[in-house]
Amino acid sequence: MAVPESDYWHALPESEVLSKVESSELGLSESQASERLQRDGYNRLNPASKRPWLLRFAQQFHNLLIYVLLVAAIVTSIVGHWVDTSVIIAVVVINALIGVVQEGKAEKALEAIRDMLSHQAMAKRDGSFNSINADELVLGDWVRLQPGDKVPADIRLFRTHNLQCDEALLTGESLPVDKHPGFVARELSLGDRTCMLYSGALITRGQGEGVVVATGEATELGRISALLKSVSTLITPLLRQLEQFARWLTVGILALALVMFVFGWVVREYGILDLFLAAVGLAVAAIPEGLPAIMTITLAIGVQHMARREAIIRRLPAVETLGSVTVICSDKTGTLTRNEMTARALVTRQHLIEITGSGYDLHGVVQSAAGIELELESEPWLGKLLRVGVLCNDTVMLPGAEGKAPQGDPMEAALMVLAYKSGLDVGLELQEWQRLDLIPFESQHRLMATLEHNHSGQRQISVKGAPESLLDLCTRQAIGEQTEPLNREYWEEQLELLACQGMRVLAVAHSEVSELVTSLHHEDLQQGLVFLGLIGFIDPPRSEAIHAVRLCQQAGISVKMITGDHLETAKAIGRMLGMSHCEAALSGSELEALSPEELQLKVQQVDIFARTSPEHKLRLVEALQAKGEVVAMTGDGVNDAPALKRADVGIAMGIKGTEVTKEAAEMVLTDDNFASIEHAIEQGRTVYDNLKKAILFILPTNGAQALSIMAAVVLGRQLPITPVQILWVNMVTAVTLALALAFEPSESKIMERPPRPAQEPLLSGFLLWRILLVSIILVSGTFGLFVWYRIEGAEIELARTVAVNTLVTFEIFYLFNARYFLQCSLSYQGFFENRYALLACGLLILLQLLFTYSLPMQQMFDTRPLDWVDWGRILIITSSVLWLVELEKALLRHFFKN
Ligand code: ATP
């Protein structure tokens, strides 16, 4: 069969569509699907073409410093300094190669993470719906879509229920459009083809079913996707800021080099060539050319670490923002709690019932408060109640290791388990009662309802939902087999009792309806519903969430629970989690009554918000932000997207979350676990720390090199380090020491300090001071030792070799200082914890030995072998930086108490 080509799927009658794609309402069989997959390929868009290797290499040369070096290479070649020319060119090329490799690694890391967010689709295969990887959808697949889904391919609709979708990506139309089956005129444009769903659109409401008519590049999105493809760039606001800073610094340094040139020429009467080389040396020494690459790598490593701890970053700036988060607003169910529900209590008008057993194990007993087991045969009212739970339920019972295992929403699964425990014949009930229609659960109404009929023609509506919602709908209640007027106070009292124990409470109701009712609408729930009872589920807090809440509190981050659950349940769970301000909880309706100003006052004192709807989340984020807070907000439902977009860091749930929420989020949690947010924040803080540490390490070493050259010119002495030697030092330290800091693990007290103020400049007063202090130590040691050797009568080449090795050894010692800002580095951990640092030091020592003792290097860099005495002096002088900076840290710790 050839792939059917049609631009007019929207204009064909349904039967023709099905025959063209060779499918039916039963969908495809697995074997048909795999044949078609082989024939048409995966349902994905080809990735944007990458920049070719050579172009990436060439782009490395687009850098002011490289231009300076190339001019230096030309000048040195004109005057016949061939060795210098070739060293400069070699260094430039090696640097470019390193740049390409590092950039490639960082981009690959991000790509791998992007692939981790696979997209699922509900397709009918071999007659039943299964969740499959959207990549594996093929032409003719019968798919079902629900709110929050991202349309996985181009689909012709056959069945819809209130279906609405957002096609902004394709049509630019930002309002959701209604969709329904039935072909439309051929000439209509994309936006008006109401019977089609196009790949990339988002389902905002209702449900729909239809058949796949195009996949991958053949979809409408594939046709326009050239516009959408963009190569990811490793850029964040902070990096941009830094790049700008580096550019200004470069210009400043070039100006300084010019001043030095003029000064040396007019005042010191140096030769033009010497001065030129000194000026180039100064530029090379002072410009922190390795910094941007280190920054990018630090960021990429941070993102990888987060992915390993179940947090996937979708937008890079979030890595920086995470470090300054002051408030986390979290959902309760599944994020703070385990979402492993077990029905524990059942309340009717006459009975208080306990349920034993745990988890999804089907063993357990339904018994009265006095411990007497209840038999369904003698208690028909119990069967009625449990039947509602089974019918108004989308769980599938799959054959498991020990009997049957439920698959679906955990609370619905728990209802199934409850039915099994009581002895209800679930299979028989499901056979007898066929579903005709349904109102799916939406957090706005907090209920789900189904309409079903049995073989004897009876029809009934089964409803389950939040007790408040059902109490508003019911006028009568069941008492045994009879009914009586609703006693609202009784149910509210019982609800409160269950909720105070931290139980999630669900109410069930039902009504019998006439045979004429064929579809279900919210109005149908307004008449004749009978309240049957309450079911209480336990959903214990995650133990790791309890720990994470405590860590957040220590780190000055307040944790707020925003839940759709009952106020008392939320408070009880809040207490179990050790949250603060549990008693001052606020409900959605109370929140609604507050003006924005009042809410801003309240929001900082209250940590629990219950019975909220998604719109409340948006108001809460806005109120918190108005108070200057940096907010991380979690969400899963389709209506959470605006709040996630508005939050500083929007966090979507990977398991429970809809595609719409993931699309709106900066970060996706693959395990839906609150503890992963805490880890990500810790990592965010670490990345920022490591960026600062890289600066703290690189700038003083650049400063010291530049100062030594300037000091030489000002004092009228020979340069302690030649420009090519400086190039060498910069190259070898950039690939070893500075890179090691990108792998630096978190400081032990990282979650004991308050969040970083969002506006804090990267180069704080402390950083500038430390840079100055270290520059002075390094330049005194290097220049001092050089002058000492010269006074002692050593030849210039030897004195320079000593100076270069002094500088490099200083950097090795200083690397260990730079590992912690204020914490003491003189410990086992300080020296051995970061094995990359040790590896980098080892490699650098090896390179320095080559530089000093190998003949070709001696010729290239004009170096001389050193003896034990030289090394002894170097070690004594250079270890000073370790002691002095540690002393400075101790003084700072003493005077500023952290
Ligand atoms: P969150 O995850 O935001 O902390 P939640 O999951 O507890 O909150 P919702 O999912 O909005 O909040 O549920 C609110 C209430 O709606 C629940 O307390 C429950 O009574 C009811 N409910 C939840 N799921 C269903 C469902 N599938 N069918 C019927 N009612 C439900």
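Residues numbered from 1 in each chain as written. Predicted model: local features only at pLDDT ≥ 70, side-chain atom pairs only at ≥ 80, totals over all residues. Heavy atoms only, no water.

So, about the overall build of the protein chain. Helix and strand content of the protein chain: 32 helices and 27 strands. Viewed in the frame of its principal axes, the protein chain has a C-alpha envelope of about 115 × 65 × 50 Å. A separation threshold of at least 6 residues defines the contact pool for the protein chain, and within that pool the share at least 24 residues apart is 71%. Put simply, the protein chain shows about 38300 Å² of open surface, and 58% of that area lies on carbon and sulfur atoms. (Helix = DSSP H or I, 4+ residues; strand = E, 2+ residues; numbered from the N terminus. Contact = heavy atoms within 4.5 Å. Areas by Shrake-Rupley, 256 points an atom, 1.4 Å probe, with all protein chains shown as cover.)

What follows covers the site of the ligand. The ligand sits among 22 residues. The nearest are Lys-332, Thr-333, Arg-504, Thr-563 and Asp-565. For the ligand, whose accessible area on its own is 620 Å², the fraction buried by protein is 91%. Counting residues per element, the ones that place at least two in the shell around the ligand are α13 (410-422), β17 (459-465) and β20 (504-513). Tallied by class, residues from the shell around the ligand come to seven nonpolar, five polar and ten charged. (Near = heavy atom within 4 Å. Nonpolar A, V, L, I, M, F, W, Y, C, P; charged D, E, K, R; others polar.)

In this model, Glu-310 sits at a positive phi of 70°, which is unusual for a non-glycine residue. Summarising the element assignment, Glu-310 is placed in the loop between α10 (291-308) and β8 (311-313). Residue Glu-310 is classed as partly exposed on the basis of its relative accessible area of 33%. A positive phi angle, close to 45°, is found at Arg-611, a residue other than glycine. Tracing the sequence through the fold places Arg-611 in the loop between β24 (608-610) and α21 (614-626). By relative accessible area, Arg-611 is classed as buried at 14%. (Buried < 20%, exposed > 50% of the residue type's maximum accessible area, 1.4 Å probe, protein only.)

Next up on the list: the confidence of the model for the protein chain. When pLDDT is averaged across the protein chain, the result is 87; 95% of the residues are at 70 or more. Across residues 226-233, confidence stays below pLDDT 50; counting only partners more than four residues off in sequence or on other chains, it has eleven contacts. (pLDDT = per-residue confidence, 0-100.)

With that settled, the discussion passes to the pattern of salt bridges. The full count for this structure, using the stated rule, is 37 salt bridges. Here Arg-125 makes a salt bridge to Asp-141, at a shortest N to O gap of 2.8 Å. A residue pair is termed long-range when its members are at least 10 positions apart, and Arg-125 in strand β1 (residues 120-125) and Asp-141 in the loop between β2 (128-133) and β3 (142-145) qualify at 16 residues. In this structure, Arg-125 and Asp-141 share a single accessibility class: buried. Where Arg-864 meets Glu-795, a salt bridge forms, and the shortest distance between an N and an O atom there is 3.3 Å. Taken together, the positions of Arg-864 in the loop between α31 (855-861) and α32 (868-896) and Glu-795 in the loop between α27 (765-791) and α28 (796-818) put the pair 69 residues apart, joining distant regions of the chain. (Salt bridge = Lys/Arg side-chain N within 4 Å of Asp/Glu carboxyl O.)

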